[in-house]
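# Survey of secondary and tertiary structure
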Amino acid sequence: MLTRRAFLASSLALSAQPSRPNLIVILADDMGYGDIGCYGSPDVPTPHIDSLAKNGTRFTDAYVSCAVCSPSRVALLTGRYQHRFGHEFNSGPIEREAEVNFGLTATAKIIPQYLKSEGYRSMAVGKWHLGVRPGYHPQERGFDEFFGFLTGGNAFITQQTPTGRAIGAGGDGGRIPAKRADPIRRGNEPVEESRYLTDAFGDEAVKFIDRNKANPFFLYLAPNAIHTPLHALEKYIDRVAGIKNEKHRFLAAMTVALDDNVGAVLAKLKEVNLDKRTMVVFLSDNGCPVVTGAGANGPLNGEKATYYEGGIRVPFIIQWLGRVPAGKVYRKPVVSRDVLPTFLAASNIQVTAKFDGVNLLPFLSNNATPHEALFWRAGKARAVRKGKWKLLEFGDLLANLFDLESDLGERNDLSAKHPEVVKDLRADWKKWSDEMAQPAWPPRFREITVNGARLNWEL
Ligand code: CA
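### With respect to the overall build of the chain
- Along its length, the chain carries 10 helices and 20 strands.
- Taking 23 Å as the expected radius of gyration for a compact globule of 459 residues, we find that the chain reaches 22 Å, a close match to that expectation.
- Referenced to the eigenvectors of the C-alpha coordinate spread, the extents of the chain come out at roughly 75 × 50 × 45 Å.
- When each of the 459 residues of the chain is scored for burial, the buried share is 60%.
- Total accessible area on the chain stands at roughly 18,200 Å², and carbon and sulfur atoms take up 51% of it.
- The distance from the centre of the 58 positive side-chain charges to the centre of the 50 negative ones in the chain is 5 Å.

Next comes the structure, spelled out in structure tokens:
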């Protein structure tokens, strides 16, 4: 039995604890549905990411809002369709980001801005890709701290990085740069950074948690792993030395590095006794670009930049010990736009803002369906997921209807067999699309062949 003094002391300790849960998003870059252990990779060891699935809920039908980096991040951070802000297409190329009218529009309110008044400290670590001009920096958009880079891609190593190795993939020549084209910044100050970038981002995330263990925090850890270029350290390559295909071995080494750093974040939470007070969401910003020959989308068709499942269905896991079911596999469609409403509900923060996502927490323990339908649009490419049906169209060049329950790999076009379903889904899509704004800047183009169709995708 507790003495009165001990009881008072424990009550005081409890009342001194922050009342809001900490919130962490770990956003992998270009990680495909088949790239990690808990989503079926046979040869990439990811024990720490897998532990999130073991201790939390893993989603089989989780989508991102776009098949390329920047628009996908807008939807994740705003809880809304990126089209509402005209952010239909990616930026770039990198050298043009400063000259085109590109970036997260000023009216878009993002996660840290909802949390600030509730006492949360926030930090963005890693790749930003939401604008490089003045006014677009993470610390001008609600984050208290930033360590990372502003554009859409970067070298993981420089010639100053010990034991770094590079291999060419996806048009990159396998060169190790003397310095990065886009500097790493602490705040807005460029800094010399010779650490392997994934390790640097993991270290900074761990230090942020340590600095903020006495107050609620939001950590947006968005490393550019496992996006190209294929850069790895010897120590990570050694751990996947049994993989024969060299490009896949490099990507696996980059994934092992990411997994180690996820492990470091989880270990820090445990060390400072915050593991039960922290919701961790892990996801990827889009599917794997299989064109590089390094990664995989498992059983899914298509790849990054396309609206086949391989472009938009991604690993997605939520861990919140004692609050989100552990070891559960959730099979109804969800989307990255759900993260912000889920965070606000977890933190018991009431807002009047309207979201296109929903709070997922009640759905994890009832039979209701979070979304009647999900929609995609990038120029001529359009898609709808409704129940088991997926309609994918590209201008008047392509109209495919797939039954994802019986045909996860999107091989059997059923549009001729079920014209009434095509008609209904087209009507749903048009109603949605009519609500959206027009693109604020033009697309780039990439020719991609899927199911024998050579299409000039706009991205
Ligand atoms: Ca990406």
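### Digging into unusual backbone geometry
- Cis geometry marks the peptide bond from A225 to I226; its omega dihedral reads 10°.
- With respect to the helices and strands, I226 occurs in the loop between β9 (217-222) and β10 (230-233).
- Here the residue pair T228 and P229 is connected by a cis peptide bond, since its omega of 5° sits within 30 degrees of zero.
- Take P229: it is sitting in the loop between β9 and β10.
- Positive phi outside glycine occurs at T163, with the angle close to 60°.
- Inspection of the secondary structure puts T163 in the loop between β5 (145-149) and β6 (164-167).
- With phi around 50°, E410 is a residue other than glycine that occupies positive phi space.
- Take E410: it is sitting in the loop between β18 (398-403) and α10 (419-435).
- Among the residues examined, E410 registers a relative accessible area of 0% and is labelled buried.

### Here we look at the pairing of strand β12 (residues 316-319)
- Residues F316 and I318 of β12 are buried on one face, and the alternating residues I317 and Q319, pointing to the opposite face, are buried as well.
- The sheet contact formed by strand β2 (residues 57-59) and β12 spans two bridges and is antiparallel. When the sheet's bridge partners are listed, T57 is paired in β12 with I318.
- Where strand β11 (residues 278-284) and β12 come together, four bridges link them in antiparallel fashion.

### Some words on the packing of aromatic side chains
- Counted under the stated rule, the structure contains 20 aromatic pairs.
- Centroid distance Y33 to Y39: 5.2 Å. Interplanar angle 65°. Geometry classified as edge-to-face. Considered together, Y33 and Y39 belong to a single accessibility category, that of buried residues.
- Joined through ring pairs, the aromatic side chains of W128, F143, F218, Y220 and F343 make up one cluster.
- Lying across the ring of Y39, R58 places its NZ or CZ 4.7 Å from the centre.
- Across from the ring centre of Y114, 4.5 Å away, lies the NZ or CZ of K109, which sits over that ring.

### What about the coordination of the calcium ion?
- Bound to the calcium ion are the protein donor atoms D29 (OD), D30 (OD), C69 (SG), D285 (OD), D285 (OD) and N286 (OD1), situated 2.2 to 2.6 Å from the metal.
- For the calcium ion, the six donor atoms in the first shell make angles of 53 to 160° at the metal, a pattern classed as irregular.
- Considered as a linear motif, the donors of the calcium ion on their single chain read D-D-x38-C-x215-D-N. Note that D30 is positioned in the loop between β1 (22-28) and α2 (47-55) and C69 in helix α3 (residues 69-78), a separation of 39 residues in sequence.

### Points about the nonpolar core
- F218, Y220, F282 and F316 are the most contacted members of the largest nonpolar core, which totals 105 residues.
- The greatest single-element share of this core, amounting to 12 residues, is contributed by helix α7 (residues 246-271).
- Every residue in contact with Y220, bar those within four places of it in the chain, is listed here: V25, L27, R73, L76, L77, M123, A124, V125 and F143.
- By size, the runner-up hydrophobic cluster in this structure holds 29 residues, among which are C66, F102, W376 and F402.

### A short note on the pattern of salt bridges
- Taken as a whole and assessed by the stated rule, the structure comprises 34 salt bridges.
- The partner of K116 in a salt bridge is D144, and the shortest N-O contact between them spans 2.6 Å. Remark: D144 occurs in the loop between β4 (121-127) and β5 and K116 occurs in the loop between α4 (111-115) and β4; sequence separation between them is 28 residues.
- Given the relative accessible area of 40%, K116 is considered partly exposed.
- Note on D144: relative accessible area 18%, which makes it buried.
- A salt bridge links D144 to R121; its shortest N-O distance comes to 3.9 Å. Placement of the pair is D144 in the loop between β4 and β5 and R121 in strand β4, with a sequence separation of 23 residues.
- A relative accessible area of 36% means that R121 is categorised as partly exposed.
- A single network of salt bridges, built from pairs that share partners, joins D61, E309, R313, R385, K390 and E410.

### A word on the packing of α2 against α7
- Where α2 meets α7, the closest approach of the two axes is 7 Å, and the angle between their N-to-C directions is 55°. When the axis of α2 is compared with that of α7, the two are oblique. Contacts from P47, H48, I49, S51 and L52 in α2 reach D259, D260, V262, G263 and L266 in α7.
- When its residues are assigned to classes, the contact of α2 with α7 shows five nonpolar, three polar and two charged.

### Some thoughts on the sheet that holds strand β17 (residues 389-394)
- One open sheet holds the four strands; their spatial order is β15-β16-β17-β18, and the pairing between them is antiparallel. Whereas interior strands pair on both sides, the edge strands pair on one side only; in this sheet they are β15 (374-378) and β18. The sheet shows a mean angle of 10° between the axes of neighbouring strands, direction not considered.
- Here strand β16 (residues 381-386) pairs with β17 via six bridges, running antiparallel.

Cut-offs applied
Residues numbered from 1 in each chain as written. Predicted model: local features only at pLDDT ≥ 70, side-chain atom pairs only at ≥ 80, totals over all residues. Heavy atoms only, no water. Helix = DSSP H or I, 4+ residues; strand = E, 2+ residues; numbered from the N terminus. Rg over C-alpha atoms; globule rule 2.2 N^0.38 Å. Buried < 20%, exposed > 50% of the residue type's maximum accessible area, 1.4 Å probe, protein only. Areas by Shrake-Rupley, 256 points an atom, 1.4 Å probe, with all protein chains shown as cover. Lys, Arg positive; Asp, Glu negative; His and termini not counted. Charge placed at Lys NZ, Arg CZ, Asp CG, Glu CD. Pairing = 2+ DSSP bridges. Phe/Tyr/Trp six-rings, centres within 6.5 Å; stacked < 30°, edge-to-face > 60°. Lys NZ or Arg CZ within 6 Å of the ring centre and 35° of its normal. Donors = N, O, S within 2.8 Å, 3.2 Å for Na, K, Ca; no water. Tetrahedral: all angles 85-135°; square planar, octahedral: opposite > 155°, others 65-115°. Core = buried A, V, L, I, M, F, W, Y, C linked by side-chain atoms within 4.5 Å. Contact = heavy atoms within 4.5 Å. Salt bridge = Lys/Arg side-chain N within 4 Å of Asp/Glu carboxyl O. Axes fitted to C-alpha atoms, helices over the stretch in contact; angles between N-to-C directions. Parallel < 35°, antiparallel > 145°, perpendicular 65-115°, else oblique. Nonpolar A, V, L, I, M, F, W, Y, C, P; charged D, E, K, R; others polar.

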